[in-house]
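Analysis of the macromolecular model
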Amino acid sequence: QVQLVESGGGLVQAGGSLRLSCAFSGRTFSNYAMAWFRQAPGKEREFVATINWSGGSTNYVDSVKGRFTISRDNAKSTVYLQMNSLKPEDTAIYYCAARLEVVNEYHFWGQGTQVTVSS
């Protein structure tokens, strides 16, 4: 069974940076596309970024383009989200998710890590 454990969240001032990590275990990491989602208080969960199995293809929600970078290290079975120029509206619980490359739906989720950006 796939297990995902996020880390790296915290409190940061607007304009600051954080790097989230998600450790993957239980299966062969390079068989999975990975993604980050977030959920702000009172809002639905939204897609943030995704990366394919090799790291050669990435995609972002418009609101984070140019500020966030998703990457992966297949040797360490870890996916990262580098977040720069953070804004108060980035405040949310950030979730790591995994899906096999051959399916469309994310079936595996981490427990989430809180990111709070103060103004």
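You'll find the structure just up there.
Predicted, not measured: the structure shown is a model, and the values here were computed from it.

Turning next to the pattern of salt bridges. Inspection of the entire model under this criterion finds four salt bridges. Note that D90 is salt-bridged to R38, the shortest N-O span being 3.0 Å. Linking D90 in the loop between β8 (78-83) and β9 (92-100) with R38 in strand β4 (residues 32-39), this pair joins segments that are 52 residues apart in sequence. Neither residue differs from the other here; D90 and R38 are each classed as buried. Note that R67 and D90 form a salt bridge whose closest N and O atoms lie 2.8 Å from each other. One end of the pair, R67, is in the loop between β6 (58-60) and β7 (68-73); the other, D90, is in the loop between β8 and β9, and 23 residues separate them in sequence. On the basis of relative accessibility, which here comes to 11%, the residue R67 falls in the buried class.

As a further point, take the state of the cysteines. Scanning all chains against the criterion turns up one disulfide. Disulfide pairing is shown between C22 and C96; the S-S distance is 2.1 Å. Between C22 and C96 the sulfur-sulfur dihedral comes to about -80 degrees; the bridge is accordingly left-handed. A residue pair is termed long-range when its members are at least 10 positions apart, and C22 in strand β3 (residues 18-25) and C96 in strand β9 qualify at 74 residues. The residues C22 and C96 share a single accessibility class, namely buried.

The topology assignment puts R99 in strand β9. Despite its burial, R99 pairs with no opposite charge; the closest candidate is E101, at 4.4 Å N-O. Here E101 takes part through its backbone oxygen, which lies 3.4 Å from a polar atom of the side chain of R99.

Before going further, it helps to examine the layout of surface pockets. The calculated volume of the largest pocket comes to roughly 150 Å³. Lining of the largest pocket is provided by R38, A40, K43, E44, E46, S63, R67, K87, E89, D90, T91 and A92.

The four strands are arranged β1-β3-β8-β7 in an open sheet whose pairing can be described as antiparallel. Here the strands that pair on one side only, and so sit at the sheet edges, are β1 (3-7) and β7. Pairs of neighbouring strands in the sheet enclose a mean axial angle of 15 degrees, with direction left out of account. With five bridges joining them, β1 and β3 adopt antiparallel strand pairing. Its bridge partner lying in β3, S7 is registered against S21.

About the criteria used
- Residues numbered from 1 in each chain as written.
- Predicted model: local features only at pLDDT ≥ 70, side-chain atom pairs only at ≥ 80, totals over all residues.
- Heavy atoms only, no water.
- Salt bridge = Lys/Arg side-chain N within 4 Å of Asp/Glu carboxyl O.
- Helix = DSSP H or I, 4+ residues; strand = E, 2+ residues; numbered from the N terminus.
- Buried < 20%, exposed > 50% of the residue type's maximum accessible area, 1.4 Å probe, protein only.
- Disulfide = S-S within 2.5 Å.
- Lys, Arg positive; Asp, Glu negative; His and termini not counted.
- Polar contact = N/O pair within 3.5 Å; in protein donor to acceptor, adjacent residues only side chain to side chain.
- 1 Å grid on protein atoms, 1.4 Å probe; cavity = no way out; pocket = protein on both sides within 12 Å on 5 of 7 lines; lining within 4 Å.
- Points joined across faces, edges and corners; volume = space filled by probe spheres on them.
- Pairing = 2+ DSSP bridges.
- Axes fitted to C-alpha atoms, helices over the stretch in contact; angles between N-to-C directions.

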